[in-house]
Amino acid sequence: MVKEQQALLEDARQAIVNYDLSKTEEAARKALEGGVKPYTVITEGFVPGITEVGDLFDRGQLFLPELIMTAEAMKAGTAICMAKVPESEVKSTKKVVMGTVEGDQHDIGKSIVMSFLLANGFKIYDLGVNVSSEKFVEKAIEVKADVVGMSALLTTTMVEQKSVIEELKKAGLRDKVKTIVGGAPTSQTWADRIGADAYGENAVDAVKKIKQLTCLS
Ligand code: B1M
């Protein structure tokens, strides 16, 4: 990557660290104009910024209002980047139900994953945040889902991913629907422990794993 592009990514990181929404939008536009790929702006600009903010929050050096402003800036900047990722013209018949589990309001990562799935032609049903196990199952039945994806960002809510899998079993769907889990506290070990079919480390990995689960790769 050329030096100018690295400087643009640094501006993006800095705008997030300063929870400055308009600077974040400006940084996103400038980076894209400067030839940086949309996903790179997010992963190498915004994500290091929001990780730094999360660490400051963890250490009590920053508080909830700032965290909320950071999230707003992140969402605005990410939206500008994702608008540059075209929806696939080749549509798949594979259906993915996605949601953030019950008790959890974090949706930035899930939205990025969904944009990448759309860009790869999947049909997405977004249940939003704070989604109960029952709602995941209801939607999976309603749309005849191929995959149910569960995002969780809190160590206190990741256990809900297990509840969804159990609820799918109770509904007799476990053999018909594949499951994928993701979110910062989760891992392949966690996915294995709760009986999920896959773990997605990031948006690119999630697309790869969902393609494998639905036999598209
Ligand atoms: Co929250 N929060 N937060 N927060 N927040 C974390 C997660 C935390 C680690 C911060 C910290 O203390 N360092 C901490 C959790 C600690 C823990 O559980 N161990 C925390 C806390 C404590 C809280 C509150 C409890 C704070 C409070 O109220 N006192 C509260 C909880 C609210 C609730 O959910 N009930 C809370 C609230 C919030 C905000 C609302 C202010 C805001 C969220 C806004 C929103 O999402 N609309 C927020 C934010 C922004 C964060 C941090 C700073 C950033 C999260 C994020 O968006 N990351 C976060 C710290 C951190 O993660 N470093 C933190 C960027 C995003 C691109 O990454 O979400 O990991 P990520 O998604 C990635 C991958 O994980 C993966 O792909 C994505 C793209 O690469 N992925 C999947 C995600 N989902 C996937 C699903 C898949 C596959 C891959 O398949 C289904």
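Right above here is the structure, for reference.
Residues numbered from 1 in each chain as written. Predicted model: local features only at pLDDT ≥ 70, side-chain atom pairs only at ≥ 80, totals over all residues. Heavy atoms only, no water.

**Student:** For this particular structure, what's the right way to read the overall build of the protein chain?
**Tutor:** For the protein chain, the helix and strand inventory stands at nine helices and five strands. When its helices and strands are written in sequence order, the protein chain yields α-α-α-α-β-α-β-α-β-α-β-α-β-α. A compact globule built from 217 residues should have a C-alpha radius of gyration of about 17 Å, and the protein chain, at 18 Å, falls within 12% of that. Once the C-alpha set of the protein chain is aligned to its principal axes, its extents read approximately 55 × 45 × 25 Å. Among the 217 residues that make up the protein chain, the fraction classed as buried is 47%. Within the protein chain, contacts between residues separated by at least 24 positions form 72% of all contacts whose residues are at least 6 apart in sequence. (Helix = DSSP H or I, 4+ residues; strand = E, 2+ residues; numbered from the N terminus. Rg over C-alpha atoms; globule rule 2.2 N^0.38 Å. Buried < 20%, exposed > 50% of the residue type's maximum accessible area, 1.4 Å probe, protein only. Contact = heavy atoms within 4.5 Å.)

**Student:** So what exactly am I meant to see when it comes to the site of the ligand here?
**Tutor:** The environment of the ligand is made up of 37 residues, and the closest members are Gly54, Gln105, His106, Asp107 and Ser151. Taking glycine 103, its main chain carries an N or O atom lying 2.9 Å from a nitrogen atom of the ligand. The backbone of isoleucine 108 places a nitrogen or oxygen atom 3.5 Å from an oxygen atom of the ligand. Broken down by secondary-structure element, the contributors of at least two residues to the shell around the ligand are helix H3 (38-58), helix H4 (64-82), helix H5 (108-119), strand E3 (147-151), strand E4 (178-182) and helix H9 (203-213). Of the residues belonging to the shell around the ligand, the class tally is 19 nonpolar, 13 polar and five charged. Each of domain 1 (3-89) and domain 2 (95-213) accounts for three or more of the residues forming the shell around the ligand. (Near = heavy atom within 4 Å. Polar contact = N/O pair within 3.5 Å; in protein donor to acceptor, adjacent residues only side chain to side chain. Nonpolar A, V, L, I, M, F, W, Y, C, P; charged D, E, K, R; others polar. Domains from an automatic or database assignment.)

**Student:** Teacher, can you tell me more about the coordination of the cobalt atom of the ligand here?
**Tutor:** When four donors bind a metal tetrahedrally, each ideal donor-metal-donor angle is 109.5 degrees, and when six bind octahedrally, the ideal angles are 90 or 180 degrees. Exactly one protein atom donates to the cobalt atom of the ligand; that atom is His106 (NE2), 2.2 Å from the metal. Considering the arrangement of structural elements, one finds histidine 106 in the loop between strand E1 (95-100) and H5. (Donors = N, O, S within 2.8 Å, 3.2 Å for Na, K, Ca; no water.)

**Student:** Looking at this structure, how should I read the pairing of strand E2 (residues 123-126)?
**Tutor:** Remember that side chains alternate between the two faces of the sheet whenever the strand is regular. Strand direction decides the pairing type here: E1 and E2, joined by four bridges, are parallel. Bridge assignment links valine 97 to a residue of E2, and that residue is tyrosine 125. Read from E1 through H5 to E2, the crossover connection turns out right-handed. (Pairing = 2+ DSSP bridges. Right-handed = clockwise from strand over helix to strand, strands pointing away.)

**Student:** Just checking my understanding: could you explain the sheet that holds E4 for this structure?
**Tutor:** For sheets, the rule is that strands pair by backbone hydrogen bonds, running either parallel or antiparallel. If you trace the five strands from one edge of the open sheet to the other, you get E2-E1-E3-E4-E5, paired in parallel fashion. With partners counted over all chains shown, the strands left at the sheet margins are E2 and strand E5 (198-200), one partner each. Shown here is a sheet whose adjacent strand axes are inclined to one another by a mean of 25 degrees, direction ignored. In terms of strand pairing, E4 meets E5 through three bridges, oriented parallel. Counted as the bridge partner of glycine 182 is glycine 200 from E5. Lying over the sheet, helix H6 (residues 133-143) contacts E1, E2 and E3, oriented at roughly 165 degrees with respect to E1. (Axes fitted to C-alpha atoms, helices over the stretch in contact; angles between N-to-C directions.)

**Student:** So what exactly am I meant to see when it comes to unusual backbone geometry here?
**Tutor:** With the exception of glycine, the majority of residues adopt a negative phi angle, and the majority of peptide bonds are in the trans configuration. Phi at asparagine 130 takes a positive value of approximately 55 degrees, unusual for a residue other than glycine. Its location among the elements puts asparagine 130 in the loop between E2 and H6. Using a relative accessible area of 35% as the deciding quantity, one classes asparagine 130 as partly exposed. Positive phi values are uncommon outside glycine, yet lysine 144 reaches one of about 55 degrees. Residue placement: lysine 144 occurs in the loop between H6 and E3. Overall, the relative accessible area of 65% leaves lysine 144 in the exposed class.

**Student:** What should I look at first to understand the nonpolar core in this one?
**Tutor:** Membership of the largest hydrophobic core comes to 35 residues, with the highest contact counts inside it found for Val41, Phe46, Val96, Leu117, Ile124, Ile180 and Ile210. Of all the secondary structure elements, the ones that give two or more residues to this core are helix H1 (3-17), helix H2 (21-33), H3, H4, E1, H5 and H9. It is H5 that provides the largest number of residues to this core, a total of six residues. Of the residues that make up this core, three or more belong to each of domain 1 (3-89) and domain 2 (95-213). Leave out the neighbours within four places in its chain, and isoleucine 124 touches Val96, Met98, Met114, Leu117 and Leu118. Counting residues in each nonpolar core, the second largest holds 24 residues, with Val131, Ala145, Val148 and Leu168 among its members. (Core = buried A, V, L, I, M, F, W, Y, C linked by side-chain atoms within 4.5 Å.)

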